[in-house]
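Residues per chain are reported as follows:
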Amino acid sequence: MRVAKFIADVLTFTRIPLSLAVVWVGLQQGVAGLSSSIWLTIIAWTSDILDGRIARWSRVDYKTWIGEHDLLVDMAFAAGMLLYLSAAGLMALWLSSLYLLIWALIFWQWGVTRALGSLFL
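Reference entry: report on the structure contained in this document. (Residues numbered from 1 in each chain as written. Predicted model: local features only at pLDDT ≥ 70, side-chain atom pairs only at ≥ 80, totals over all residues. Heavy atoms only, no water.)

Thoughts on the overall build of the protein chain
Okay, step 1: Scanning the protein chain for helices and strands turns up six helices and zero strands.
Okay, step 2: Reading the helices (α) and strands (β) of the protein chain from amino to carboxyl end gives α-α-α-α-α-α.
Okay, step 3: Overall, the protein chain is about 45 × 35 × 15 Å in size when its C-alpha atoms are taken along their principal axes.
Okay, step 4: Counting all 121 residues of the protein chain, 37% fall into the buried class.
Okay, step 5: Accessible surface, the protein chain as shown: approximately 7700 Å² in total, 72% of it carbon and sulfur.
Okay, step 6: The distance from the centre of the 8 positive side-chain charges to the centre of the 7 negative ones in the protein chain is 5 Å. (Helix = DSSP H or I, 4+ residues; strand = E, 2+ residues; numbered from the N terminus. Buried < 20%, exposed > 50% of the residue type's maximum accessible area, 1.4 Å probe, protein only. Areas by Shrake-Rupley, 256 points an atom, 1.4 Å probe, with all protein chains shown as cover. Lys, Arg positive; Asp, Glu negative; His and termini not counted. Charge placed at Lys NZ, Arg CZ, Asp CG, Glu CD.)

Focus: the pattern of salt bridges
Okay, step 1: A full pass over the atoms with the stated rule returns four salt bridges.
Okay, step 2: For Asp48, the salt bridge identified is with Arg15, shortest N-O distance 3.3 Å. With a gap of 33 residues between them, Asp48 in helix H2 (residues 34-58) and Arg15 in helix H1 (residues 2-29) connect regions that are remote in the sequence.
Okay, step 3: Of the residues examined, Arg15 reaches a relative accessible area of 0% and is grouped as buried. (Salt bridge = Lys/Arg side-chain N within 4 Å of Asp/Glu carboxyl O.)

Here we look at the packing of H2 against helix H4 (residues 70-87)
The description of two helices packed together rests on the angle between their axes and the distance between the axes.
Okay, step 1: One can describe the packing of H2 onto H4 by two numbers: an axis separation of 12 Å at closest approach and a directional angle of 170 degrees. Looking at the two axes, H2 sits roughly antiparallel to H4. Packed against H2, whose contacting residues are Leu34, Ser37, Leu40, Thr41, Ala44, Trp45, Asp48 and Asp51, the element H4 presents Asp70, Asp74, Phe77, Met81 and Tyr84 at the interface.
Okay, step 2: Its residues assigned to classes, the contact of H2 with H4 comprises seven nonpolar, two polar and four charged. (Axes fitted to C-alpha atoms, helices over the stretch in contact; angles between N-to-C directions. Parallel < 35°, antiparallel > 145°, perpendicular 65-115°, else oblique. Contact = heavy atoms within 4.5 Å. Nonpolar A, V, L, I, M, F, W, Y, C, P; charged D, E, K, R; others polar.)

Focus: the packing of H4 against helix H5 (residues 93-110)
Okay, step 1: Close contact between H4 and H5 brings their axes to 9 Å; oriented N to C, the two are set at 160 degrees. Compared by their axis directions, H4 and H5 come out roughly antiparallel. As H4 runs across H5, the sense of the crossing is left-handed. Only Leu93, Ser96, Tyr99, Leu100 and Phe107 of H5 make contact with H4, whose side of the interface consists of Met75, Leu82 and Ser86.
Okay, step 2: A per-class count over the contact of H4 with H5 returns six nonpolar, two polar and no charged. (Left-handed = near helix turned anticlockwise from the far one by under 90°.)

Points about a nonpolar patch on the surface
Okay, step 1: Taken together, Trp94, Leu95, Leu98, Leu101, Ile102, Leu105 and Trp108 make up a surface patch of nonpolar side chains, about 790 Å² in accessible area.
Okay, step 2: Tracing the sequence through the fold places Trp108 in helix H5. (Patch = residues over 30% accessible without salt bridge, like charges linked within 9 Å, V, L, I, M, F, W, Y side chains within 5 Å.)

Digging into the nonpolar core
As a rule of thumb, soluble globular proteins bury nonpolar side chains together.
Okay, step 1: Counting residues in each nonpolar core, the largest one holds nine residues, listed as Leu18, Val22, Val25, Leu40, Ala44, Phe77, Met81, Tyr84 and Ala88.
Okay, step 2: Contributing elements (two or more residues each) for this core: H1, H2 and H4.
Okay, step 3: Those residues in contact with Phe77, other than ones at most four positions away along the chain, are Arg15, Leu18, Ser19, Val22, Leu40, Thr41, Ala44 and Trp45.
Okay, step 4: Counting five residues, the second-largest nonpolar core is a separate cluster that includes Leu71, Met75, Trp103 and Phe107. (Core = buried A, V, L, I, M, F, W, Y, C linked by side-chain atoms within 4.5 Å.)

A word on H5
Okay, step 1: For H5, spanning 18 residues, the distance from its first C-alpha to its last is 26 Å, which sits close to the expected 26 Å at 1.5 Å a residue.
Okay, step 2: Remark: Gly111 follows H5 within two positions and exhibits a positive phi of approximately 80 degrees. (Expected span 1.5 Å × (residues − 1).)

In structure tokens form, the structure reads like this:
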């Protein structure tokens, strides 16, 4: 069952380079990279669904560092998508900046809880 936990962690970790790839697509391809960013998002959220199911299936009663930071990895991917939208010109920079500022204030005031983090996504 430890192998299952490792696989879940690998799936979680893959969203970090995927978030960077989405930003890169936005910077390099702009709007033309929309289909690529959609596929990267599908891959990322599929890995998110699978990692949770696999981690629960493993029934190992310890948490790994990456498992405890799953929400932050998810938020990093969401931020990568926001940066893609801004870099590609699909969302006004002022609007994405305002969005990030509002969430930064919410997290600063109340911290990152599971409920607030879920609203971010």
